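Coordinate inspection notes
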Amino acid sequence: MTTQHRPHPPVVLGPNLPETFYRASGRLARFRGVDLPPRPEDWVGSATPRFGQAPSGLSVLPDGRLLADAIAAEPADWLGPARADAGLLVKLLDAGQRLPVHVHPARPFTQSHLASPYGKTEAWIVLDAAPDAFVHLGFRRDVSAGELARWVQAQDVGALLAATNRIPVAAGDSLLCPAGAPHAIGPDLLLVELQEPTDFSVLLEWEGFDLGPRDATLGLPFELAMQCVDRRAYSTERLAALRGTATSLLPAEAAEFFAAERVAGGQVVTGFAVLVVTDGSGRLTGEWGELALSAGTTLVIPFAAGGCRLSGAVSAVNCRPA
Ligand SMILES: O=P(O)(O)OC[C@H]1O[C@@H](O)[C@@H](O)[C@@H](O)[C@@H]1O
C-alpha cells in the first residue's frame with residue numbers, strides 16, 4: 001500500500017442526533033464546538049437503528065452511505081477477519097434532565113424474546129458534569145416482583161427512585177451499568193456511553209415524559225418485560241466493582257461486552273474502533289495519510305486503516321467491541 005492509495009482511512013463523523021424524549025443540557029454542543037439542534041444524544045459510528053425506527057440512529061458517512069451499508073459491503077476491511085458485525089454502539093449523551101428509570105435486557109432475555117444475540121449492557125465515561133451530578137444504579141435492597149409491578153403500574157416514581165442507589169459522579173468517573181440494572185442518568189452531565197449494539201429499553205418510569213405505557217415494554221406483555229429487571233440489591237461492594245480503576249477505564253466485567261481505553265499523543269490504535277477526542281489537539285497518522293484531531297472530534301476507524309498513531313497534546317477515548 002502506498003500513501004497515494006488511501007482505501008480505508010479513518011472517517012471523521014458529523015453529529016448524528018436522533019430525536020428522543022428528553023432534554024439536552026448544552027454540554028454536547030459545547031464539547032463538539034458547534035451549534036447543534038438541542039438534542040441530547042449523538043450516536044457515533046452507529047450501525048444500530050433506534051428500536052422500531054430505522055434508519056433513525058444509523059450513522060451516515062460523509063460520502064452519503066450508511067456506515068451499516070459500508071460495513072456490509074466490505075466487512076473484512078471494516079471489522080477485520082474475526083468479526084461479523086460492529087458489536088458496539090457508542091453515544092455522546094448530554095442529559096439536561098434526569099432520564100426516566102429504565103432497564104436494558106440481558107442477552108438470555110433478548111435471545112429468548114427479542115430475536116437478538118445482544119442485550120444492552122452499557123458503560124458511562126463522564127466527560128463533564130455539574131458539581132452535584134449523580135446517576136441512579138441498581139436497587140438498594142431486594143425488591144419483590146409484586147412491589148416492582150405496583151410501583152411501575154402506579155408510576156410511583158418516588159418509591160422507585162428511593163429504592164435505587166444514588167451515586168454522585170464527576171468528570172473522569174466511569175461506571176459499568178450491567179443489563180438488568182434499573183438506572184437513571186443525570187441531570188447535567190455529558191457521557192461517552194458504550195453499549196451493546198441494540199436499542200432495547202424497558203421503562204419503569206414514563207410519567208412527565210412524552211412517553212406512555214405503550215412505549216415501556218418493547219411490545220412485550222408487561223409481566224414478561226418486568227422479568228428483565230434485576231431486582232436484587234446492588235451492594236456497596238458490587239457498585240465499587242462496577243467502577244473504572246486507576247489502571248483500567250472500565251472494570252473487568254465489561255470485557256465480555258466492549259473495551260474502552262484512554263489514549264494520548266504517542267500511542268497507536270489498531271483495529272475497528274470509535275474514537276472520541278476528549279482534550280487538546282493533535283494528529284492521527286497512518287499508511288492512509290494524516291488527519292487533524294481536536295477535542296470534540298469523533299471518528300470511526302476501520303480495521304484496514306492499520307496502526308494509527310496519535311501525536312500532539314491530544315487525549316481520546318478509544319472504544320472497541322469485545
Ligand atoms: O443511556 P441509556 O440508559 O441507554 O438511556 C438513553 C436511552 O433511553 C432509552 O429509553 C432510549 O430512548 C434510547 O434510545 C436512549 O438512548
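Residues numbered from 1 in each chain as written. Predicted model: local features only at pLDDT ≥ 70, side-chain atom pairs only at ≥ 80, totals over all residues. Heavy atoms only, no water.

**A closer look at the pattern of salt bridges**
Pairs may arise between side chains of opposite charge once their charged atoms sit close together. Counted only if it meets this: A pairing counts as a salt bridge when a side-chain nitrogen of Lys or Arg comes within 4 Å of a carboxyl oxygen of Asp or Glu. Secondary structure elements are taken from DSSP: a helix is a run of H or I of four residues or more, a strand is a run of E of two residues or more, and numbering for both begins at the N terminus. Exposure categories follow from relative accessible area, calculated using a 1.4 Å probe and restricted to protein chains: below 20% of the type maximum is buried, above 50% is exposed, and the middle band is partly exposed.
For the structure on display, the rule yields 15 salt bridges. A salt bridge links glutamate 41 to lysine 91; its shortest N-O distance comes to 3.9 Å. Placement of glutamate 41 in strand β2 (residues 41-44) and of lysine 91 in strand β3 (residues 89-95) is noted, with a sequence separation of 50 residues between them. You'll find glutamate 41 and lysine 91 in the same group, each marked buried. Its salt-bridge partner being arginine 238, residue glutamate 253 comes within 2.7 Å of it at the nearest N-O pair. Of this pair, glutamate 253 sits in the loop between α8 (236-241) and β12 (258-264) while arginine 238 is found in helix α8, placing the two residues 15 residues apart along the sequence.

**Here's the deal with empty space enclosed by the protein**
The test is simple: Only protein atoms enter the 1 Å grid used here, on which a cavity is any set of points holding a 1.4 Å probe that cannot leave and a pocket is any open set flanked by protein within 12 Å on both sides along at least five of seven lines; residues with an atom within 4 Å of a point are listed as lining. Grid points are joined across faces, edges and corners, and a volume is the space filled by probe spheres set on the points. The classification used treats Ala, Val, Leu, Ile, Met, Phe, Trp, Tyr, Cys and Pro as nonpolar, Asp, Glu, Lys and Arg as charged, and all other residues, Gly among them, as polar.
Evaluated as defined, the whole model comprises 1 cavity of 30 Å³ or more. For the largest cavity, the calculated volume is near 30 Å³. Together, Trp124, Val126, Val135, Val169, Asp173, Ser174, Leu175 and Leu191 line the largest cavity. Among the secondary structure elements, those contributing two or more residues to the lining of the largest cavity are β5 (122-129) and β8 (174-177). Residue composition of the lining of the largest cavity, by class: 6 nonpolar, 1 polar and 1 charged.

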